[in-house]
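A look at the structure
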Number of protein chains: 2
Amino acid sequence: MAPSAITAATTPPHGIKTAALTASAVYHQIEAQSGLRPLDASKLIFTPTTTPMSVPAKGDAEAYISSQCSDHMITAVWKRETGWESPELKPYGNLSLAPTASVLHYATECFEGMKVYRGYDKKLRLFRPEANCARMLISATRIALPAFEPSELEKLILALLEVDGVKWLPKTGDFLYLRPTMIGSAPGLGVATPREATLFVIMTFMPSLNKEGGLRLLASQNGVRAWPGGFGFAKVGANYGPSLMATGEARARGYDQVLWLLNGQVTEAGASNFFIVWKTKAGNMQLVTAPLGNKIILDGITRRSIIQLAKERLSDELELVERDFTMDDIVEAVNEGRIVEAFAAGTAYFVAPISAINYNDQDLDMPMYEGDSGKYTAILKTWLMNIMYGKENHPWGVVVKEKQ
Amino acid sequence: MAPSAITAATTPPHGIKTAALTASAVYHQIEAQSGLRPLDASKLIFTPTTTPMSVPAKGDAEAYISSQCSDHMITAVWKRETGWESPELKPYGNLSLAPTASVLHYATECFEGMKVYRGYDKKLRLFRPEANCARMLISATRIALPAFEPSELEKLILALLEVDGVKWLPKTGDFLYLRPTMIGSAPGLGVATPREATLFVIMTFMPSLNKEGGLRLLASQNGVRAWPGGFGFAKVGANYGPSLMATGEARARGYDQVLWLLNGQVTEAGASNFFIVWKTKAGNMQLVTAPLGNKIILDGITRRSIIQLAKERLSDELELVERDFTMDDIVEAVNEGRIVEAFAAGTAYFVAPISAINYNDQDLDMPMYEGDSGKYTAILKTWLMNIMYGKENHPWGVVVKEKQ
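Residues numbered from 1 in each chain as written. Chains lettered and ligands numbered in written order. Predicted model: local features only at pLDDT ≥ 70, side-chain atom pairs only at ≥ 80, totals over all residues. Heavy atoms only, no water.

**A word on the state of the cysteines**
- Summed over the entire model, instances satisfying the criterion amount to 0 disulfides over all chains.
- Looking at the unpaired cysteine 133 of chain A, the closest cysteine sulfur is the one in cysteine 110 of chain A, lying at 12 Å.
- Looking at the unpaired cysteine 69 of chain B, the closest cysteine sulfur is the one in cysteine 110 of chain B, lying at 18 Å. (Disulfide = S-S within 2.5 Å.)

**Quick look at the UniProt feature "modified residue: N6-(pyridoxal phosphate)lysine" (unreviewed entry) in chain A**
All names here are of chain A.
- The residues that UniProt annotates with the feature "modified residue: N6-(pyridoxal phosphate)lysine" (unreviewed entry) are Lys235.
- Following the sequence through the fold, lysine 235 ends up in the loop between β11 (215-219) and α7 (244-252).
- Contacts of lysine 235, omitting those with residues within four sequence positions, involve Cys110, Phe111, Glu112, Gly113, Arg135, Ser139, Tyr240 and Leu298. (UniProt positions renumbered as here; feature names shortened; annotations may be inferred. Helix = DSSP H or I, 4+ residues; strand = E, 2+ residues; numbered from the N terminus. Contact = heavy atoms within 4.5 Å.)

**Focus on the packing of helix α8 (residues 301-313) of chain B against helix α10 (residues 375-388) of chain B**
Residues and elements named next belong to chain B.
- Between α8 and α10, the shortest axis-to-axis distance is 11 Å and the interhelical angle comes to 110 degrees. One element, α8, and the other, α10, form an angle in the roughly perpendicular class. Contacts between α8 and α10 involve Thr302, Ser305, Ile306, Leu309, Ala310 and Arg313 from the former and Leu380, Trp383 and Leu384 from the latter.
- Looking at the contact of α8 with α10 residue by residue, the class counts come to 6 nonpolar, 2 polar and 1 charged. (Axes fitted to C-alpha atoms, helices over the stretch in contact; angles between N-to-C directions. Parallel < 35°, antiparallel > 145°, perpendicular 65-115°, else oblique. Nonpolar A, V, L, I, M, F, W, Y, C, P; charged D, E, K, R; others polar.)

**Notes on the packing of aromatic side chains**
- Here the structure, examined in full by the defined rule, presents 23 aromatic pairs over all chains.
- Their ring planes at 85 degrees and their centres at 5.6 Å tell us that tyrosine 106 of chain A and phenylalanine 111 of chain B sit as a pair that is edge-to-face. Of the two residues, tyrosine 106 of chain A sits in helix α4 (residues 102-106) while phenylalanine 111 of chain B sits in strand β6 (residues 109-111), which places them in two different chains.
- The class for tyrosine 106 of chain A is buried, based on a relative accessible area of 1%.
- On the basis of relative accessible area, phenylalanine 111 of chain B is assigned to the buried category, the value being 2%.
- Every member of this aromatic cluster is reached through a ring pair, and the members are Trp227 and Phe231 of chain A together with Trp227 and Phe231 of chain B.
- The lysine or arginine in question, lysine 295 of chain A, covers the ring of phenylalanine 233 of chain A, its NZ or CZ lying 4.9 Å from the ring centre.
- Residue placement shows arginine 313 of chain B over the ring face of tryptophan 383 of chain B; its charged tip is 5.2 Å from the ring centre. (Phe/Tyr/Trp six-rings, centres within 6.5 Å; stacked < 30°, edge-to-face > 60°. Buried < 20%, exposed > 50% of the residue type's maximum accessible area, 1.4 Å probe, protein only. Lys NZ or Arg CZ within 6 Å of the ring centre and 35° of its normal.)

**Considerations on the domain arrangement of chain A**
Residues and elements named next belong to chain A.
- Assigned domains of chain A: these are domain 1 (4-204) and domain 2 (215-388).
- Here the C-alpha centre of domain 2 lies 28 Å away from the C-alpha centre of domain 1.
- Across the contact, 23 residues belong to domain 1 and 23 residues belong to domain 2.
- For the pairing of domain 1 and domain 2, the buried interface totals around 2,100 Å² over both sides, and the portion due to carbon and sulfur atoms is 63%.
- Connecting domain 1 to domain 2 are 0 salt bridges. (Domains from an automatic or database assignment. Buried area = accessible area lost by both parts, 1.4 Å probe. Salt bridge = Lys/Arg side-chain N within 4 Å of Asp/Glu carboxyl O.)

**A look at the environment of phenylalanine 275 of chain B**
All names here are of chain B.
- Structurally, the position occupied by phenylalanine 275 is in strand β14 (residues 272-279).
- Along the primary structure phenylalanine 275 and glycine 214 are separated by 61 residues, whereas in three dimensions their C-alpha atoms are 14 Å apart.
- Other than its neighbours up to four places away in sequence, phenylalanine 275 contacts Leu287, Val288, Thr289, Arg303, Ile306, Ile307, Ala342, Phe343 and Ala345.

**Digging into the interface of chain A and chain B**
- Taken together, the contact between chain A and chain B spans 73 residues of the former and 74 residues of the latter.
- Both faces considered, chain A and chain B share a buried interface measuring about 6,100 Å² in area, 64% of it formed by carbon and sulfur atoms.
- Together, Trp227, Leu244 and Met245 of chain A form the three largest contributors to the area buried by chain A at its contact with chain B, with a combined 12%.
- The tally of links between chain A and chain B comes to 0 salt bridges.

**Observations concerning the relation of the copies chain A and chain B**
- For the pair chain A and chain B, the superposition axis carries a translation of 0.0 Å, the fit reaches an RMSD of 0.0 Å, and the rotation angle comes to 180 degrees. With respect to symmetry, the two chain copies, as superposed, fit the operation of a two-fold axis.
- Here 99% of the contact residues of chain A are again contact residues in chain B; the copies associate through an equivalent surface. (Least-squares fit on C-alpha atoms with pLDDT ≥ 70 in both.)

Listed below in structure tokens is the structure:
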């Protein structure tokens, strides 16, 4: 394969607008690699651990803080000249990276966050894993990392669960966190598309991030998370590190997360999507969230699921609206007593009630009419949990085969 | 030290605006760590290599592509509870990082780029190293990494050069590239300020990026590099990975770099600052570059030096202007024959003549009246080279002590 063709594998075609990364850009990304070896889960090489770790006790703080992982991990290496090497399922361990590796300098990195649930029926389930794997391809494309067939990534995730699920997630009602990640691993300081990438999947402990009394948000006054023409829609590292300073400021002031604004418009709550239920001036009940159109917010799987459930099951009482809205809209609704409830939605925080938003140094209370939650927040959360833990049989809950 | 005080070490104080990272935020960052061990170059532990590498031949392509490093590297580890451990000068080698390390997921990383020059007088020189070290502290603060005294980093850089300078950079007129880097190295997937960081300094080969015929730029139509309230001013990884897709598109279309615009305003050329010389409608000669005020462009050391030299030595012929200007301003000046020359300025590309800018699918020619360069481009480049290589004795050229 000619070098120029290989280069094209990680550059979008002419006519694709840089910011408007679309299905066709991703398609091109895959197409251009057609002469290279694809990611192929059927070639998985399994090396079982010879030094199994002990599973930390429930509530072990250090296991949460340091994100203790399970016995094994998936890795797969891609090279520009040849494509994907055979993926491996092997003992969990450190990565050895050249100090010149692209990921350490230029943030050539993207990831996914998924949970795996031990159901009421003892079965292990993923929640819409194909959606995470498809989004990972979009993120990889945006950050100049190589393409892959999303269903192959899903198979690799299932292979890890098949080996580590029984031992590491035995108890009904518990979950673990899966982190598929891709990094630019080639040595070389040139500011250029990485010549080598490493995909890995690890499974870790994560605390339940439920916060009693609801989340308190601080609306960002100056800091901006994402902008039109940027990369806010992609799950790339570059959206996270730069947010930590403002989050630290919010925490120092007694708030849990930043409510990110862009020109006054409400975008995301911390690393979650933001939803608000209000009555319009005409008295209609609406569940409102920011739209995906300008590509500044993440296309959350939880967000998407809530929208779909609300449309399917709540449309008699509640109109689902994806629209731009501002803090001034919220302030007006607060002043007119029209706010019903608000919540954040994402994999890590799940569906988290919001109790207050600080804007212009004033705390705006968000009602929690059910005591610890809003009514719709609670309903939507329960519906999702029922699917995740197998109380409701639903195509979003994908049962994982396990070694017995 | 109480955990709250430690947390404060990496969060800006109340009243400091998130976006407007100022000297006081950096001061606070240092101050809040006053109970912790500071970075201390005098504690450097030196472990000489026992397997010295051979120096690649001049022009060895692989040495450039993979950024071959010298025999040694500097490393220093910071921990939230205790501060900086003793820095090490030790054999160059891979880093061992947990797959959960913050830098691999959240782009908690920043760096500097500096060159070291073998002068006409056989002496080794750095160019304004104190400016790079001071900027590294600003970048670290912005990306929630720990503070340090910049002069200690400078001493560590000098220690590396003292050991590796003679062997790796023997020849008059050559240079090597230094890359001080800091990464969030603690295991832990929580989206939070890293509990551990690793500082390292490596020295690598870098090709001269001079391009015959001048650089051809493609003005970005949709992709936006940085935004007010973002982090464009900081040398953090998050500014680079997201730029690769647009750069790849530009290269596929036959251009060398993207000319980044923000609402039509000209900001940066690739990863360099952009300068243009034009005549005003009134006939005045101006050297124009974008201002630092809104914190979207990098405060380049080369940029700063060019501004100072132009003010000191060219003010009779040329007015130095830092102002917002747009592609429309450039198009108008082209149409009226008022463009004199344009160039990009930065450590990697140094002072690089620009021959064309594509805007709205039209190539705008930038004159190069000296054949391979504009007149002022050549003058400024020569002045800087004279300082870097010791033809002119100047405080910006810092002589490095070497082992004989």
